[in-house]
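Structural overview
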Amino acid sequence: MINGWHGWVGTFTGVAVITVAVLPLAALAVWARARRRRVTGAAPAWRTSLAEVGIVYGTVPWVWVIMLPGGQAGEVPGRVSLVPLRDLYAILADGATGQIVGNLLVFAALGFLAPLRFVALTSVLRILALAAGCSVLLESAQYALRLDRVSSVDDVLLNTAGAGLAALASRRWWRTTAGASSGAVHVVGRPVRS
């Protein structure tokens, strides 16, 4: 029974089912954090709480999937691909666009929500640097742990691009985040001291 459970959790389908199953817990966490912030008078309670929980909820399953061991984990040496765009070209030639989309989504929640939560990250360049650093860390871990996966520079590029695109998608809300944490109130896009 335990081996069956472990085998199921170690699949993409298992990760997807667990991610959907914990959605009510994530919603409860947002509600509890927002309620606590409202009691203490912190603002904006809902937005900040949603961003915090959303970063974790939207990133952890993807990280879990890319850290799943392959069939020969621990038996084969780590493999590295440092030539940019070589793996990407091979994926496109094989028609495996799902892998490209998956790599774009790994840090998309982080890229979208981090600037809404952290004023220091309200810059596309900072989001790109954060995503690239996190991606290099994960690719290095795949290599060091001998997970029977290829640690590829193309994965780093795609993970970083996904976070950057997501950050651009949330950019219109950045000003109110910066203003809310600095004590300024925004009226028609201009900060006015309250």
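Residues numbered from 1 in each chain as written. Predicted model: local features only at pLDDT ≥ 70, side-chain atom pairs only at ≥ 80, totals over all residues. Heavy atoms only, no water.

Side note on unusual backbone geometry
For Arg146, which is not a glycine, the phi torsion comes out positive at approximately 50°. Its place among the elements puts Arg146 in the loop between helix H8 (124–144) and strand S2 (150–152). Assessed through its relative accessible area of 36%, Arg146 is described here as partly exposed. Phi angles above zero are rare outside glycine, and Asp148 is one such case at about 60°. (Helix = DSSP H or I, 4+ residues; strand = E, 2+ residues; numbered from the N terminus. Buried < 20%, exposed > 50% of the residue type's maximum accessible area, 1.4 Å probe, protein only.)

What about the packing of helix H7 (residues 108–117) against helix H9 (residues 153–170)?
At a closest axis distance of 7 Å, the pairing of H7 and H9 adopts a crossing angle of 40°. Put simply, H7 runs oblique to H9. Handedness of the H7/H9 crossing: right-handed. Here Ala108, Gly111, Phe112 and Leu116 of H7 lie close against H9, whose contacting residues are Gly162, Ala163, Ala166, Ala167, Ala169 and Ser170. (Axes fitted to C-alpha atoms, helices over the stretch in contact; angles between N-to-C directions. Parallel < 35°, antiparallel > 145°, perpendicular 65-115°, else oblique. Left-handed = near helix turned anticlockwise from the far one by under 90°. Contact = heavy atoms within 4.5 Å.)

Focus on the pattern of salt bridges
Close approach of charged atoms lets side chains of opposite charge pair. Inspection of every chain in the model, using the stated rule, returns 4 salt bridges. The salt bridge involving Asp148 is made with Arg79; its shortest N-O contact spans 2.8 Å. On the criterion of sequence distance, the pair formed by Asp148 in the loop between H8 and S2 and Arg79 in strand S1 (residues 79–81) is long-range, its members being 69 residues apart. Through salt bridges that share partners, Arg33, Arg37, Glu52 and Arg117 make up one connected network. (Salt bridge = Lys/Arg side-chain N within 4 Å of Asp/Glu carboxyl O.)

Quick word on the environment of Arg37
Along the chain, Arg37 turns up in helix H3 (residues 23–40). Taking the relative accessible area as the measure of exposure, Arg37 reaches 13% and is therefore buried. For Arg37 and Thr48, which are 11 residues apart along the polypeptide, the C-alpha to C-alpha distance reads 9.0 Å. The residues touching Arg37, leaving out its near neighbours within four places in the chain, are Ala42, Ala45, Thr48, Ser49, Glu52 and Arg117.

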